[in-house]
Amino acid sequence: MAFELPVLPYAHDALEPYISAVTLQFHHLKHHQAYVNNVNNLIAGTPFENATLEEIVMKADGGIFNNGAQVYNHTFYFEQFSADGCREPQGELKAAIEKDFGSVEAFREQFNKAAATLFGSGWAWLVKTAAGKLEIVQTSNAGCPLRDEKTPLLTCDVWEHAYYLDKQNLRPKYIEDFWKVVDWQVISKRFSA
Ligand code: FE
């Protein structure tokens, strides 16, 4: 059963002016689609032919891992945005952030730093550990916290393809605008799942 490019839960221009339609079209319809095509081609005739995406992220290596994890990471990234969602953490998630980071502001600063300082291509994540503690982690390239048995809650794609058309080299400006389209209702659902 081949993987398919997920349909986004919003239009490609829905996140403007923070993420432009042209960035989203290239990111979703070209980059994300290429990872889907690549993983489908690579798993054919291998033990991963009928694996779930999560199984590929947990167990595969090389090109199958790289492309499979990028499919997982991008789906996870795109699904957390909305045009008019909840822009601040609420309820139990807010309480957990305050407990583990001191305040929402301190959390945001620490997350921004992780996203801004990641060298090269990769991802910054808010994750929940098996013990239920919140942590911020960085992964390089296609890295995914599932691999370390941590539950992803929120992620920022800091590959240049995520922001270069809109922001050129200004990764901090991309990170600042990123918060304006994150829908915390989605993050809360992941936290409570
Ligand atoms: Fe990306």
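Placed above this text is the structure.
Notes on the structure in this doc start here.

Attention now moves to the nonpolar core. With 64 residues, the main nonpolar core has Phe107, Phe111, Leu154 and Trp184 as its most contacted residues. Looking at this core element by element, the count peaks at 8 residues for helix H3 (residues 62–78).

All right, on to the environment of Leu154 then. Structurally, Leu154 can be placed in strand E3 (residues 151–157). Under the relative-accessibility criterion, Leu154 is labelled buried at 0%.

With that out of the way, let us pick up the side chain of Asn40. Secondary-structure assignment places Asn40 in helix H1 (residues 21–43). Within the structure, the side chain of Asn40 is placed 2.8 Å from the backbone nitrogen of Phe3, a separation counted as a polar contact. With residues up to four places along the chain from it excluded, the contact list for Asn40 reads Ala2 and Phe3.

Moving on to the packing of aromatic side chains. One pass over the full model with this rule turns up 16 aromatic pairs. Centre to centre, the rings of Phe101 and Phe107 are 5.3 Å apart; their planes meet at 55 degrees, and the pair counts as tilted. Each member of the pair, Phe101 as well as Phe107, is classed as buried. When the ring of Phe107 is compared with that of Trp179, the centres are 6.0 Å apart and the planes differ by 75 degrees; the resulting orientation is edge-to-face. You can see Phe107 sitting in helix H5 (residues 104–117) and its partner Trp179 sitting in the loop between helix H7 (171–178) and helix H8 (184–192), a full 72 residues away along the chain. The aromatic ring of Trp179 is capped on one face by Arg108, whose charged end is 5.0 Å from the ring centroid.

Conventions adopted
- Residues numbered from 1 in each chain as written.
- Predicted model: local features only at pLDDT ≥ 70, side-chain atom pairs only at ≥ 80, totals over all residues.
- Heavy atoms only, no water.
- Core = buried A, V, L, I, M, F, W, Y, C linked by side-chain atoms within 4.5 Å.
- Buried < 20%, exposed > 50% of the residue type's maximum accessible area, 1.4 Å probe, protein only.
- Helix = DSSP H or I, 4+ residues; strand = E, 2+ residues; numbered from the N terminus.
- Polar contact = N/O pair within 3.5 Å; in protein donor to acceptor, adjacent residues only side chain to side chain.
- Contact = heavy atoms within 4.5 Å.
- Phe/Tyr/Trp six-rings, centres within 6.5 Å; stacked < 30°, edge-to-face > 60°.
- Lys NZ or Arg CZ within 6 Å of the ring centre and 35° of its normal.

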